[in-house]
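Fold and contact review
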There are 6 protein chains.
Amino acid sequence: MKPRVVSIGDVMMRLSPPGQSRFTQTQTFNVLYAGSEANVTATLAFWKVPSTHITAFPSHDLGKAAVMHLQQYGVGMQHTLFDDDGRIGVYLIESGATVRSPKIIYDRYDSAFANADPSSYDWNEILEGAEWFHWSGITPALSANAARACLDAVTVARKKKIKVSGDINYRRNLWRYGKTPLEVMPELVDKCDIIIAGLTDLENCLGVRDDDFSSACEKAVKKHPSIKRIATTERETLHASHNKISASLFSGGLIESKQYDIHPVTDRVGAGDAFMAGFIYGSLHNFNDRDTLEFATASCALKHTVEGDVNTVTVEEIQNLVKGSNVGKLLR
Amino acid sequence: MKPRVVSIGDVMMRLSPPGQSRFTQTQTFNVLYAGSEANVTATLAFWKVPSTHITAFPSHDLGKAAVMHLQQYGVGMQHTLFDDDGRIGVYLIESGATVRSPKIIYDRYDSAFANADPSSYDWNEILEGAEWFHWSGITPALSANAARACLDAVTVARKKKIKVSGDINYRRNLWRYGKTPLEVMPELVDKCDIIIAGLTDLENCLGVRDDDFSSACEKAVKKHPSIKRIATTERETLHASHNKISASLFSGGLIESKQYDIHPVTDRVGAGDAFMAGFIYGSLHNFNDRDTLEFATASCALKHTVEGDVNTVTVEEIQNLVKGSNVGKLLR
Amino acid sequence: MKPRVVSIGDVMMRLSPPGQSRFTQTQTFNVLYAGSEANVTATLAFWKVPSTHITAFPSHDLGKAAVMHLQQYGVGMQHTLFDDDGRIGVYLIESGATVRSPKIIYDRYDSAFANADPSSYDWNEILEGAEWFHWSGITPALSANAARACLDAVTVARKKKIKVSGDINYRRNLWRYGKTPLEVMPELVDKCDIIIAGLTDLENCLGVRDDDFSSACEKAVKKHPSIKRIATTERETLHASHNKISASLFSGGLIESKQYDIHPVTDRVGAGDAFMAGFIYGSLHNFNDRDTLEFATASCALKHTVEGDVNTVTVEEIQNLVKGSNVGKLLR
Amino acid sequence: MKPRVVSIGDVMMRLSPPGQSRFTQTQTFNVLYAGSEANVTATLAFWKVPSTHITAFPSHDLGKAAVMHLQQYGVGMQHTLFDDDGRIGVYLIESGATVRSPKIIYDRYDSAFANADPSSYDWNEILEGAEWFHWSGITPALSANAARACLDAVTVARKKKIKVSGDINYRRNLWRYGKTPLEVMPELVDKCDIIIAGLTDLENCLGVRDDDFSSACEKAVKKHPSIKRIATTERETLHASHNKISASLFSGGLIESKQYDIHPVTDRVGAGDAFMAGFIYGSLHNFNDRDTLEFATASCALKHTVEGDVNTVTVEEIQNLVKGSNVGKLLR
Amino acid sequence: MKPRVVSIGDVMMRLSPPGQSRFTQTQTFNVLYAGSEANVTATLAFWKVPSTHITAFPSHDLGKAAVMHLQQYGVGMQHTLFDDDGRIGVYLIESGATVRSPKIIYDRYDSAFANADPSSYDWNEILEGAEWFHWSGITPALSANAARACLDAVTVARKKKIKVSGDINYRRNLWRYGKTPLEVMPELVDKCDIIIAGLTDLENCLGVRDDDFSSACEKAVKKHPSIKRIATTERETLHASHNKISASLFSGGLIESKQYDIHPVTDRVGAGDAFMAGFIYGSLHNFNDRDTLEFATASCALKHTVEGDVNTVTVEEIQNLVKGSNVGKLLR
Amino acid sequence: MKPRVVSIGDVMMRLSPPGQSRFTQTQTFNVLYAGSEANVTATLAFWKVPSTHITAFPSHDLGKAAVMHLQQYGVGMQHTLFDDDGRIGVYLIESGATVRSPKIIYDRYDSAFANADPSSYDWNEILEGAEWFHWSGITPALSANAARACLDAVTVARKKKIKVSGDINYRRNLWRYGKTPLEVMPELVDKCDIIIAGLTDLENCLGVRDDDFSSACEKAVKKHPSIKRIATTERETLHASHNKISASLFSGGLIESKQYDIHPVTDRVGAGDAFMAGFIYGSLHNFNDRDTLEFATASCALKHTVEGDVNTVTVEEIQNLVKGSNVGKLLR
């Protein structure tokens with residue numbers, strides 16, 4: 001079965017203490033395997049969109065476990081590279097509660113994916129028949145190899161007339177291999193149709209400075225005319241257990257979504273990826289801009305109620321939330 | 001020891017993923033055994049009211065486990081029928097969170113209880129010495145056998161001057177054996193002193209249509225003059241984690257209870273049964289209408305804080321909530 | 001990607017109390033999804049043999065969870081039928097310990113698979129490009145529909161020159177739809193290349209009576225000349241925690257495997273399926289009879305050390321056990 | 001329903017670290033409520049023998065939880081005394097493993113039962129209609145009050161021609177209230193029909209010294225002519241995970257049971273109580289001495305496979321083990 | 001390494017059902033070891049303030065486990081007394097939820113600490129080099145021995161010019177050994193520099209009656225001129241899951257802290273001890289009164305988000321909350 | 001308090017699936033912090049021998065958690081180095097079962113300890129007052145920095161007349177920084193009094209080749225005359241759940257210990273460290289060679305029954321096993 005969506009990105013082992021337990025208290029971790037781009041693809045596969053994720057793992061059992069974790073959602077993992085000597089990145093998340101912030105520890109350097117030789121990927125074969133390619137700003141931040149692989153992929157995708165989305169996702173702590181985002185990102189964004197980016201992302205990755213999202217988008221589109229739409233999510237953090245979620249879409253003009261009140265928050269990790277997945281889903285199904293934005297925002301809101309990185313809510317659940325029908329009610 | 005209260009009804013195995021986990025995520029289920037009418041009786045037994053529940057189970061270990069589960073509360077299970085070839089119904093509940101609704105899956109057809117021969121119950125012996133009989137609209141919806149058993153029971157109860165309560169509890173998906181509620185329910189309700197019913201229950205089961213609860217009750221009482229009181233609970237679902245709970249009692253005129261704000265909700269299943277148990281408890285102890293309603297409503301509100309179907313809060317805890325004293329405070 | 005192996009069969013929800021806990025004690029169940037034939041295919045997929053399983057599920061979340069469970073191993077589930085009104089079969093297993101036997105409770109009647117219309121499967125498309133088809137005696141025992149689907153499948157497979165294996169697996173309690181095994185099984189076995197069958201299977205399903213496995217096999221092969229090989233596993237149960245495992249293969253003459261001593265047993269469910277998977281793996285990789293038998297037997301032995309139905313041990317682990325190198329040793 | 005069996009004894013909260021975990025490692029305890037005599041009665045109730053246990057608890061929720069724990073087996077707890085100021089005894093058990101011994105910590109002094117006024121029990125009412133009364137040597141060791149209650153009970157039982165069994169169960173550490181076993185036990189044993197006692201019990205509690213069980217029994221019976229039978233279990237501890245279990249019965253002559261090999265042991269606590277329950281069950285059902293002994297010994301052996309103090313194995317499972325049929329086998 | 005802070009007090013085993021589970025439902029307890037004064041010292045040690053706690057335990061493994069629990073935070077336990085015959089006190093906490101109050105059961109009488117001979121402590125050696133001594137009103141309430149030990153300690157501390165803090169913490173149910181608080185507490189308070197006390201504490205322990213905290217403090221300081229500062233926390237309990245927390249400090253004049261809104265509450269036990277620890281930390285680091293109060297209050301607020309008795313939040317997390325920067329936000 | 005024993009070595013986060021679960025199955029890991037040398041020191045501290053461990057951690061919460069884990073045993077961690085940019089090594093252990101081998105995955109490169117500057121340790125201060133220093137062959141294998149730190153430590157220890165033990169512990173996979181063991185180890189061993197080494201260790205690290213342990217030791221002692229004693233443990237692996245454990249000590253002549261049969265094995269990791277700890281304990285307490293060897297071997301055997309890396313058995317438990325008294329028996 002040909003994939004409709006292909007993504008690239010590192011996948012880490014995620015360790016989290018159960019419930020509100022702290023790193024310094026816990027005797028157990030919940031474990032799963034996740035990464036921003038794979039979260040998007042896994043959600044799409046869960047929604048029955050044929051999807052493939054491109055990554056690299058160590059050959060040992062954690063690599064196998066990561067493959068199995070993504071396969072359960074239906075993600076095609078047949079192109080995975082295995083490295084006998086490599087490691088899998090690790091991230092640890094401690095959930096916060098009210099006045100206590102969540103904490104993240106990353107231990108992801110030198111992962112098998114970051115070290116993988118970019119020439120190992122045969123993009124012509126991988127992208128054969130696909131309709132959409134997705135990448136995020138994490139990949140070019142990891143290593144020169146990963147940045148190269150990403151650029152190769154978007155270049156081939158562009159040639160094949162495949163739609164490209166990029167979640168700019170600027171993370172200052174990642175860029176350690178000698179390049180700055182401004183040296184790397186513009187060339188990648190030049191090959192995108194859609195990007196997810198807030199004001200700081202636009203400034204740090206594209207050099208677009210503006211206090212207003214709408215005018216910043218106008219400037220960005222002027223510099224990178226391939227971009228048709230720019231979206232961003234807005235989180236109002238009343239405290240760690242109480243967030244309000246909405247989103248905006250620039251598509252010529254600015255559209256703003258409904259806002260959702262989440263109290264208490266179950267797990268906010270992957271909420272941006274749930275938005276991205278919703279956005280791609282809407283686009284693949286030819287929703288109009290307004291409907292795409294509302295679908296993506298409701299997907300994002302619902303993610304806050306689900307443990308783990310992947311948004312295992314159904315399309316029907318999202319549509320019910322958009323419609324506002326029976327929200328939170330038990331139907332027998 | 002003679003029971004004061006007797007009930008009839010199917011008891012299912014309840015499976016629920018721990019915490020906020022989804023059906024499609026979980027590797028474990030919490031398991032217990034529950035059913036609307038048994039929940040009422042178990043709560044009364046927990047409150048030291050001698051009580052017996054009438055049901056049927058498969059002979060295998062799940063039937064034994066169900067008996068043991070109810071016996072722990074003190075419910076007399078000595079009349080249980082065992083079927084070597086039968087099955088126990090199953091229901092699965094996934095708890096919701098904020099904008100995500102809870103989900104229920106029923107797999108309850110052809111249970112040992114639904115198939116049990118109604119002539120196997122010796123109601124004269126079972127009801128000997130009892131003061132109260134309780135049934136719900138689930139039983140006559142399950143099968144012709146179960147409807148017959150229910151009718152036999154209320155008929156004998158009526159003859160013995162035992163008070164009868166019926167929780168009308170209309171569930172559209174259940175009525176599959178060829179009868180409609182309107183063919184079955186009125187005859188049962190004719191033998192009741194008290195019913196729990198909201199507007200849709202009154203319409204679907206008794207054919208009483210009215211937009212106002214008070215006038216609907218007046219009409220229902222006119223058609224079924226044995227009924228002295230009709231009560232109903234009202235749930236305002238702000239979202240899955242935030243509910244407001246109150247109740248109304250029609251007893252000639254209309255009485256409305258205090259409203260309780262529950263945020264976050266721990267487990268809302270069985271809240272109606274907790275109300276029913278409170279109502280029976282108040283009635284058995286000769287509380288006046290106002291006190292009975294407030295006791296039942298506080299019982300219902302407290303159920304939202306307890307995991308499982310049975311309301312394991314004490315009479316003292318309910319009374320403290322009614323009085324509003326030290327709500328939520330830690331007393332050493 | 002074309003599958004090399006295709007199987008058909010019902011998949012149930014498996015519930016098991018943790019550790020040595022009994023049905024009448026437990027407050028939790030471990031849950032997974034399994035069935036004899038799917039266990040075989042899942043193991044093969046885990047070993048990187050492209051495989052597809054054919055079955056039917058209810059449309060609700062337990063059906064989704066079952067699909068996801070099998071997808072994690074890499075099993076292709078794209079042909080799954082979904083039934084809006086169906087149920088998933090359930091089986092419950094309580095593990096034994098020394099003098100206490102394990103217990104199984106089945107609640108599998110009227111599953112979506114048993115009720116599925118056999119004309120819904122397009123076997124020409126499903127089997128396109130496959131090399132091996134696997135079925136077991138459970139499927140024709142479930143319902144006339146399932147028996148029909150199985151017969152259709154082996155008929156098409158035979159026409160396409162696909163190798164067919166059947167695990168005869170006689171279970172007296174299953175045959176409830178009005179047919180006897182002797183009316184149904186011979187026609188299916190006529191289209192097999194390889195069967196797994198012990199003396200009681202041969203007697204009850206093929207009418208072949210003999211006290212000696214070798215001569216029974218000779219008779220069976222005479223009656224069903226398509227059969228090239230008959231294999232069987234032998235379990236010596238010293239007690240529930242201590243088993244000895246070996247196997248025999250009739251392939252013209254009789255070959256007997258090494259015996260493995262398992263003490264304590266972790267989980268013996270699926271051990272026969274692990275043998276079958278090993279047998280298919282060896283056959284697909286052109287192992288000779290001796291090597292195929294030893295590989296399958298070691299796979300079976302290792303299954304006893306793994307929780308769940310699927311034998312998640314690697315090909316390398318099996319080969320090391322066959323060689324007897326470093327058995328049980330920790331290698332750093 | 002009149003009880004057939006009545007017992008008296010303290011019930012403690014039992015705390016145990018999960019699995020092989022040590023007291024100094026664990027962050028969780030498994031909790032249940034148990035005591036030697038209640039274990040016997042609970043097992044009998046589980047086997048459908050109507051049974052009542054006499055004890056006292058604090059009024060707080062641990063007392064309620066203890067009542068509920070025993071009620072689940074069907075034990076009648078209606079005579080329980082509640083003490084607003086009392087405590088429940090606690091015992092903690094850490095399971096051993098091979099060369100590491102299990103450990104027990106007792107914190108049971110001044111329990112509500114030990115302090116309960118013996119005049120609070122109305123033995124004429126409690127024992128009305130009973131056929132059997134059971135006590136153990138733990139009760140008279142706890143306090144003068146408890147010893148008095150026990151003596152009152154056996155005196156009334158004797159008068160009512162109720163059979164009396166005593167599990168002598170000498171525990172040196174308990175006798176702290178100023179009396180020695182030799183001052184208290186002979187008078188109690190004088191009112192027994194059956195006792196469980198090994199050589200050290202006979203010596204310490206009855207002053208009967210002999211190296212041979214058979215001749216010791218002869219002497220004991222001479223001193224206490226009411227005693228018809230003396231039984232004892234024998235445990236051969238190869239190591240903490242490997243025990244061999246058998247038993248002997250003196251009933252005029254000596255009868256010795258089969259021996260059972262238990263490896264690995266799941267939970268050996270309550271094995272003697274399982275023997276006692278089996279012995280009473282056999283006696284109530286008029287088994288002959290040999291059958292009674294074998295039933296009791298198999299019950300004892302099976303207890304080693306069950307977590308907790310109560311032997312939740314069925315009569316059928318015990319009878320299968322006695323017959324030696326299908327031991328440890330999985331029957332579908 | 002010399003301790004800067006020394007405390008005295010009983011340490012109990014704390015048992016709590018997981019999550020919202022009730023005492024009458026749970027099959028497991030979470031276990032840890034805690035006591036008001038040790039909670040303070042453990043928090044200080046966690047913040048790298050060298051600290052020692054003085055107490056007594058039984059010699060068995062629960063005593064060892066308690067020592068290990070406190071050692072993990074870095075508390076010096078080298079002066080612990082061990083009693084071969086003693087017991088450890090136990091307390092059980094069931095967390096409440098919205099309208100359901102938390103419940104505590106104490107079983108702490110006759111603990112090894114309560115019974116320890118006060119002459120066993122060599123206060124000159126223990127306090128050598130210390131800067132701060134902390135005690136609470138629980139200790140003199142437990143037994144004459146404990147009251148004596150406490151008085152000896154503060155007397156020596158005073159002589160050595162060590163600062164002394166007392167958390168008055170009046171608990172009516174404790175005073176059972178024949179003395180009243182008014183006979184014991186004033187003498188102890190006479191040797192304090194700082195006390196934590198609310199209006200009821202001041203009235204019951206010091207005989208100071210006043211409706212206004214500020215004037216009550218003025219009176220208390222007049223009677224006990226050694227006292228420089230009196231602080232108290234204020235909890236507004238909207239319901240069990242929703243509390244508002246603030247505090248006041250009398251230091252000549254009255255200072256009031258910010259108020260924190262905690263919804264939902266994770267674990268409120270030890271919140272007062274977290275305040276005390278914050279107060280001592282601020283004092284040791286020469287914060288001014290305002291900063292000390294805000295640090296202590298934020299420490300108290302954050303404690304509500306942490307499971308267990310000890311406030312395992314970092315100094316940095318507290319300071320961020322005081323500053324109000326990034327409260328509840330996830331920083332990558 | 002001055003430490004009697006000081007050790008150096010890396011400490012990793014250990015992750016292990018619960019029970020027999022496999023890496024590819026588990027959704028949770030048990031977590032603790034361990035390393036060969038710290039395991040030795042933690043056991044000694046648990047036995048009340050004042051001990052300090054020297055290592056380095058990242059500054060984030062996993063470093064804090066590791067410190068807390070070791071502090072609970074009483075290990076002095078006051079000299080720990082913290083690295084703001086560092087990582088903690090990770091190892092993952094999957095326990096085997098009968099014919100399935102345990103599996104280990106290491107992800108330990110570039111740990112804070114491996115990268116720590118050797119000049120950061122002030123060995124004169126660290127070793128002030130100590131009697132024993134312990135290191136293992138893992139440290140010099142990790143990095144040039146770690147090898148240097150180890151050499152500095154043994155050099156200072158030697159000068160201070162502190163006894164030095166080295167667990168040679170050759171692990172081929174570790175030596176990756178450009179040096180071979182033969183270039184590094186002899187110089188370290190020259191400063192040891194006692195080493196733990198088997199034949200392959202002696203060959204690979206000291207270049208001593210011999211098939212007989214006794215003559216190999218003679219040669220080693222000749223080359224490294226500081227060595228007084230060489231000990232080694234022998235494990236006979238019948239299968240993963242069944243091991244036999246003994247040990248030998250060369251001290252001029254050869255002494256062989258009793259052999260212990262462990263079936264089933266709970267956790268064999270750290271068994272060598274438990275032997276080492278026992279050996280140091282015996283030496284510090286002036287046991288003779290035979291008693292030291294038997295104490296160390298029994299410590300090693302008992303470790304197999306304890307979960308985790310640290311041997312939390314008491315000195316009394318070890319001595320009882322050496323004496324063979326009441327092995328595996330429950331004493332009340």
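For the structure given in this document, a descriptive report is provided here. (Residues numbered from 1 in each chain as written. Chains lettered and ligands numbered in written order. Predicted model: local features only at pLDDT ≥ 70, side-chain atom pairs only at ≥ 80, totals over all residues. Heavy atoms only, no water.)

**Looking at the overall build of chain A**
We count it as follows: Only DSSP runs of H or I covering at least 4 residues are called helices, and only runs of E covering at least 2 are called strands; the numbering of each starts at the N terminus. Between the two quantities, the radius of gyration covers C-alpha atoms and the globule rule is 2.2 Å times the number of residues to the power 0.38. Under the scheme applied here, a residue whose accessible area is under 20% of the maximum for its type counts as buried, over 50% as exposed, and between as partly exposed, the area being computed with a 1.4 Å probe on protein chains only. Throughout, a residue-residue contact means that at least one pair of heavy atoms, one from each residue, lies within 4.5 Å. Charge counting follows a simple rule: Lys and Arg are positive, Asp and Glu are negative, and His as well as the terminal groups are ignored. Throughout, a charge is located at the NZ atom of Lys, the CZ atom of Arg, the CG atom of Asp or the CD atom of Glu.
A tally of regular secondary structure across chain A gives 12 helices and 15 strands. A compact globule built from 332 residues should have a C-alpha radius of gyration of about 20 Å, and chain A, at 19 Å, falls within 12% of that. Each of the three principal axes of chain A carries a C-alpha extent, and together these read 50 × 50 × 40 Å. Within chain A, the fraction of its 332 residues that count as buried is 66%. Of the contacts made within chain A by residues no fewer than 6 positions apart, 68% connect residues no fewer than 24 positions apart. Positive and negative side-chain charges in chain A, numbering 36 and 39 respectively, have mean positions lying 3 Å apart.

**Here's the deal with the interface of chain A and chain B**
This is how the line gets drawn: Buried surface area refers to the total accessible area, computed with a probe of radius 1.4 Å, that the two partners give up upon joining, counted for both partners together. By definition, a salt bridge exists where a carboxyl oxygen of Asp or Glu is found within 4 Å of a side-chain nitrogen of Lys or Arg. For this analysis, a polar contact is any N or O atom pair within 3.5 Å, provided that within protein one partner can donate a hydrogen and the other can accept it, and provided that sequence-adjacent residues contribute only side-chain to side-chain pairs. Residues are grouped as follows: nonpolar covers Ala, Val, Leu, Ile, Met, Phe, Trp, Tyr, Cys and Pro; charged covers Asp, Glu, Lys and Arg; every other residue, Gly included, is treated as polar.
Facing 22 residues of chain A, the contacting portion of chain B comprises 24 residues. Overall, the association of chain A and chain B removes approximately 2100 Å² of surface from exposure, summing both partners, and the carbon and sulfur fraction of that is 53%. Looking at the side of chain A facing chain B, the largest losses of area belong to Gly328, Leu330 and Arg332 of chain A, adding up to 33% of the total buried there. Inspection of the chain A/chain B interface yields 2 salt bridges. Glu317 of chain A is the partner of Lys103 of chain B in a salt bridge, and the nearest nitrogen-oxygen pair spans 3.6 Å. Between the two partners, chain A and chain B, sit 8 residue pairs in polar contact (both at pLDDT 80 or more). Every element with two or more residues in the side of chain A that touches chain B is listed here: strand 15 (260-262), helix 11 (289-303) and helix 12 (315-323) of chain A. Its residues assigned to classes, the side of chain A that touches chain B comprises 11 nonpolar, 7 polar and 4 charged.

**A few points about the interface of chain C and chain B**
Which entries qualify depends on this criterion: For two strands to pair, DSSP has to find at least two bridges joining them.
Contact residues are listed per partner, giving 26 residues for chain C and 26 residues for chain B. Three residues stand out in chain C for area buried against chain B, namely Thr24, Phe29 and Asp61 of chain C, and they jointly supply 26% of the buried area on that side. At the junction of chain C with chain B, the criterion picks out 6 salt bridges. A salt bridge links Asp85 of chain C to Arg176 of chain B; the shortest N-O distance between them is 3.6 Å. At the surface where chain C touches chain B, the tally comes to 7 residue pairs in polar contact (both at pLDDT 80 or more). Taken together, the elements giving at least two residues each to the side of chain C that touches chain B come down to strand 2 (12-16), strand 3 (28-34), helix 2 (61-72), strand 7 (90-94) and strand 8 (103-107) of chain C. No other element matches the 5 residues that helix 2 of chain C contributes to the side of chain C that touches chain B. Sheet topology note: the strand 3 (residues 28-34) of chain B/strand 3 of chain C ladder contains 3 bridges and is antiparallel. Counterpart to Asn30 of chain B in the pairing with strand 3 of chain C is Thr28 of chain C.

**Remarks on the nonpolar core**
Inclusion rule: To define a nonpolar core, start from buried Ala, Val, Leu, Ile, Met, Phe, Trp, Tyr and Cys residues and group those joined through side-chain atoms within 4.5 Å.
Met13 and Leu15 of chain A together with Met13 and Leu15 of chain F are the most contacted members of the largest nonpolar core, which totals 127 residues. Among all residues touching Met13 of chain F, those that are not within four sequence positions of it are Leu15, Phe29 and Leu92 of chain A together with Val31, Leu32, Tyr33, Leu62, Ile88, Gly89, Val90 and Tyr91 of chain F.

**Overview of the environment of Asn173 of chain F**
Residue placement: Asn173 of chain F occurs in the loop between strand 10 (163-167) and helix 7 (181-189). Along the backbone, Asn173 of chain F and Ile196 of chain F are 23 residues apart, and their C-alpha atoms lie at a distance of 19 Å.

**Comments concerning the relation of the copies chain A and chain B**
For clarity, the threshold we go by: Overlaid copies result from least-squares superposition on C-alpha atoms, with residues included only where pLDDT is at least 70 in both.
Overlay of chain A on chain B (RMSD 0.0 Å): rotation 120°, translation along the axis 0.0 Å. On the angle and the small slide along the axis, the relation comes out as a three-fold axis. Using C-alpha coordinates, one finds that chain A approaches the rotation axis most closely at Pro264 of chain A, a distance of 4.3 Å. Interface overlap between copies: only 9% of the residues of chain A at the interface are likewise at the interface in chain B, consistent with a contact formed by different surfaces.

**Concerning helix 7 (residues 181-189) of chain C**
For helix 7 of chain C, every residue scored as buried is listed here: Pro181, Val184, Met185, Pro186, Leu188 and Val189 of chain C. Lining the buried residues of helix 7 of chain C we find strand 9 (132-136), helix 5 (138-142), helix 6 (144-159), strand 11 (194-196) and helix 8 (199-206) of chain C.

**A look at the pattern of salt bridges**
All names here are of chain A. This model, assessed by the stated rule, comprises 126 salt bridges over all chains. Here Asp10 makes a salt bridge to Arg108, at a shortest N to O gap of 3.9 Å. Here the residue Asp10 occupies a position in the loop between strand 1 (5-8) and strand 2 (12-16), and Arg108 occupies one in the loop between strand 8 (103-107) and helix 3 (112-115), the gap between them amounting to 98 residues. Of the residues examined, Asp10 reaches a relative accessible area of 3% and is grouped as buried. Judged by its relative accessible area of 4%, Arg108 is buried. For the salt bridge of Asp267 with Arg14, the shortest nitrogen-to-oxygen distance reads 2.7 Å. In this pair, Asp267 sits in the loop between strand 15 and helix 10 (271-284) while Arg14 sits in strand 2, placing the two residues 253 residues apart along the sequence. The exposure classification of Asp267 matches that of Arg14, with both residues buried.

**Re the relation of the copies chain C and chain B**
Superposing chain C onto chain B requires a rotation of 180° together with a translation of 0.0 Å along the rotation axis, leaving an RMSD of 0.0 Å. Here the two chains are linked by the operation of a two-fold rotation axis. Scanning chain C for the C-alpha nearest the rotation axis identifies Phe29 of chain C, at a separation of 2.6 Å.

**Details of the side chain of Asp167 of chain C**
Turning to its location among the elements, Asp167 of chain C is positioned in strand 10 (residues 163-167). Other than its neighbours up to four places away in sequence, Asp167 of chain C contacts Ser36, His134, Trp135, Ser136, Gly137, Ile196, Asp273 and Met276 of chain C.

**Regarding the packing of helix 7 (residues 181-189) of chain B against helix 8 (residues 199-206) of chain B**
Residue and element names in this part refer to chain B. Threshold: Axes here mean lines fitted to C-alpha atoms, for a helix over just the part in contact, with angles spanning 0 to 180 degrees between N-to-C directions. Throughout this description, any angle smaller than 35 degrees is read as roughly parallel, any larger than 145 degrees as roughly antiparallel, any in the 65 to 115 degree range as roughly perpendicular, and the remainder as oblique.
In the contact formed by helix 7 and helix 8, the axes pass within 7 Å of each other and the chain directions differ by 105°. Considering the angle they form, helix 7 stands roughly perpendicular to helix 8. From helix 7, Pro181, Leu182, Met185, Pro186 and Val189 reach across to helix 8, where they touch Glu203, Asn204, Cys205 and Leu206.

**Quick notes on the sheet that holds strand 7 (residues 90-94) of chain A**
Read across the sheet, 8 strands follow the order 8(A)-7(A)-2(A)-3(A)-3(F)-2(F)-7(F)-8(F) without closing on themselves; strand pairing throughout is mixed. Looking at which strands have only one partner, the edges of the open sheet turn out to be strand 8 of chain A together with strand 8 (103-107) of chain F. Averaged over all pairs of adjacent strands, the angle between strand axes in this sheet comes to 25°, irrespective of strand direction. Summarising the sheet, strand 2 of chain A and strand 3 (residues 28-34) of chain A pair through 5 bridges and their orientation is antiparallel. Among the inter-strand pairings, Arg14 of chain A is bridged to a residue of strand 3 of chain A, identified as Leu32 of chain A. Across the sheet, helix 2 (residues 61-73) of chain F touches strand 7 and strand 8 of chain A together with strand 2 (12-16) and strand 3 (28-34) of chain F, and the angle it forms with strand 3 of chain F is around 65°.

**Points about helix 1 (residues 36-46) of chain E**
Note on helix geometry: an α-helix contains 3.6 residues per turn, so any two residues three or four positions apart are oriented the same way. All names here are of chain E. The buried count for helix 1 comes to 11 of 11 residues, which makes it a mostly enclosed element. Within helix 1, the full set of buried residues consists of Ser36, Glu37, Ala38, Asn39, Val40, Thr41, Ala42, Thr43, Leu44, Ala45 and Phe46. A positive backbone phi angle near 75° is found at Lys48, which sits one or two residues after helix 1.

**Focus on the packing of aromatic side chains**
How we decide: Whether two aromatic rings pair depends on their centres lying within 6.5 Å, for rings of Phe, Tyr and Trp, where Trp uses its six-membered ring; planes under 30 degrees apart make the pair stacked, over 60 edge-to-face, and the rest tilted.
The tally for this structure, following the rule as stated, stands at 60 aromatic pairs over all chains. Their ring planes at 40° and their centres at 6.0 Å tell us that Phe275 of chain D and Phe279 of chain D sit as a pair that is tilted. Taken together, the residues span about one helical turn, with Phe275 of chain D and Phe279 of chain D both in helix 10 (residues 271-284) at a distance of 4 residues. For the pair formed by Phe275 of chain D and Phe279 of chain D, the shared burial category is buried. Put simply, the rings of Trp47, Tyr281, Phe287 and Phe295 of chain A pair up and form one aromatic cluster.

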